[in-house]
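Residues per chain are reported as follows:
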Amino acid sequence: MAGTVRLEPVDEANLESLLSVAAAEAEPSDVMPPVDAPAGWSLARREAFRDFHRASFGGLNGPTRTLMFAVCAGGEVVGMIRMTRCDTPGVVETGMWLGRSARGQGLGAAALRELLNAAAAAGMHSVVAETTPDNLGAVAVLRTCGAKLREDDAKVYAEISLDATPPAAG
């Protein structure tokens with residue numbers, strides 16, 4: 001397994017590093033909502049990426065109710081993981097992406113464990129996620145971190161109870 005994973009809240013200091021990894025090692029559709037812009041990592045799409053992440057600078061209590069973290073390994077930004085407040089109190093939804101070169105090394109599970117610690121510290125009792133059955137990496141990470149998985153309508157729904165899962169050692 002690769003070295004230690006550290007989560008840093010996304011801010012102006014690491015936003016360009018995050019964009020660089022996304023543009024070099026991920027598809028726009030994997031890392032941000034759809035945008036009406038030319039295909040690929042066009043100037044308009046890069047600006048939309050920045051705007052999308054800046055909208056969440058307010059954190060869990062801000063307008064988007066989302067806290068985004070840069071996933072850092074070996075001193076480099078390698079991806080992003082987020083938590084977003086759900087309508088149910090004490091529940092956050094998570095999603096993540098890693099650059100291609102960071103996949104398959106255990107970094108996704110390490111990042112999710114760190115996020116579970118952050119969610120517990122923020123007073124949450126449950127973390128949920130949604131993916132597709134063909135996203136084998138995401139399904140494996142969720143399973144590794146103790147998620148209860150349910151498949152329905154070509155979606156995989158995951159729930160991790162923080163009350164039942166003691167936070168992993170940091």
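Sequence order as written defines residue numbering, which begins from 1 separately in each chain. Local features are withheld for residues below a pLDDT of 70 in this predicted model, meaning they are given only at 70 or higher, and side-chain atom pairs are given and counted only at 80 or more; totals for whole chains, interfaces and linings count all residues. The basis for the side-chain values is all heavy atoms of the structure; hydrogens and waters are excluded.

Asker: I keep staring at the sheet that holds strand 4 (residues 91-98) and nothing clicks. Help me out?
Answerer: Strand pairing in a sheet is mediated by backbone hydrogen bonds. Such pairs are either parallel or antiparallel. One open sheet holds the seven strands; their spatial order is 1-2-3-4-5-7-6, and the pairing between them is mixed. In this open sheet, the two strands that pair with only one neighbour each are strand 1 (5-9) and strand 6 (148-152). Between one strand and the next, the sheet's axes are offset by a mean angle of 30°, whatever the strand orientation. Each of strand 1, strand 2 (66-73), strand 3 (76-85) and strand 4 is contacted by helix 1 (residues 12-25), which is oriented at about 105° to strand 3, the strand it contacts most. DSSP calls a pair of strands paired once it identifies at least 2 bridges connecting them. Under the scheme used here, helices are H or I runs from DSSP no shorter than 4 residues and strands are E runs no shorter than 2 residues, and both carry numbers assigned from the N terminus. To get an axis, fit a line to the C-alpha atoms, keeping to the stretch in contact for a helix; angles then go from 0 to 180 degrees between the N-to-C directions. The contact criterion used throughout is that any non-hydrogen atoms of two residues lie within 4.5 Å.

Asker: Is there a simple way to explain unusual backbone geometry in this structure?
Answerer: Where the residue is not glycine, phi is negative for most of them; where a peptide bond is considered, it is trans in most cases. The residue Asp153 is not glycine, and still its phi comes out positive at about 50°. Within the fold, Asp153 resides in the loop between strand 6 and strand 7 (155-161). Note on exposure labels: buried denotes an accessible area under 20% of the residue type's maximum, exposed denotes more than 50%, and partly exposed covers the range between, all computed with a 1.4 Å probe on protein chains only. On the accessibility criterion, Asp153 (67% relative accessible area) is exposed. Even without glycine at this site, Ala154 takes up a positive phi of about 60°. Looking at the secondary structure, you find Ala154 in the loop between strand 6 and strand 7. For Ala154, a relative accessible area of 58% corresponds to the exposed category.

Asker: Whenever I open this one, the packing of helix 1 against helix 3 (residues 43-54) confuses me. Can you help?
Answerer: The description of two packed helices rests on the angle between their axes and on the distance between the axes. At a closest axis distance of 11 Å, the pairing of helix 1 and helix 3 adopts a crossing angle of 135°. The angle between helix 1 and helix 3 places the two elements in the oblique class. Crossing angle aside, the handedness with which helix 1 passes helix 3 is right-handed. Residue-level contacts link Glu12, Leu15, Glu16, Leu18, Leu19, Ala22 and Ala23 of helix 1 to Arg46, Phe49, Arg50, His53 and Arg54 of helix 3. Each residue receives one of three labels: charged for Asp, Glu, Lys and Arg, nonpolar for Ala, Val, Leu, Ile, Met, Phe, Trp, Tyr, Cys and Pro, and polar for the others, Gly being one of them. Class assignment of the residues belonging to the contact of helix 1 with helix 3 gives a composition of six nonpolar, one polar and five charged. For classification purposes, an angle smaller than 35 degrees is called roughly parallel, one larger than 145 roughly antiparallel, one from 65 to 115 roughly perpendicular, and anything else oblique. Crossing handedness follows the turn of the near helix against the far one: under a right angle anticlockwise gives a left-handed crossing, and clockwise gives a right-handed one.

Asker: What is the right way to read the environment of Arg85 from this model?
Answerer: Within the element layout of this structure, Arg85 appears in strand 3. Through-space distance from the C-alpha of Arg85 to that of Ala22 is 24 Å; in sequence the pair is 63 residues apart. The residues contacting Arg85, other than those within four sequence positions of it, are Leu60, Asn61, Arg65, Val91, Val92 and Met124. We define a polar contact as two N or O atoms separated by no more than 3.5 Å, with the added condition that, inside protein, one atom must be a possible hydrogen donor and the other a possible acceptor, whereas residues neighbouring each other in sequence contribute only through side-chain atom pairs. A polar side-chain atom of Arg85 sits 2.9 Å from the main-chain carbonyl oxygen of Leu60.

Asker: Teacher, can you tell me more about helix 5 (residues 136-144) here?
Answerer: Since the α-helix advances by 3.6 residues per turn, residues separated by three or four positions end up pointing in the same direction. When we look at burial in helix 5, the residues that qualify are Val139, Val141 and Leu142. The arc that holds every buried residue of helix 5, seen down its axis, measures 165°, which confines them to one face. Opposite the buried face of helix 5, by more than 90 degrees, sit the exposed residues Leu136 and Arg143. The inward-facing, buried residues of helix 5 contact strand 4, helix 4 (107-121), strand 5 (126-131), strand 6 and strand 7. Two residues or fewer after helix 5 comes Gly146, characterised by a positive phi angle close to 85°. Relevant arc is that of directions from the helix axis to the C-beta atoms, nothing else.

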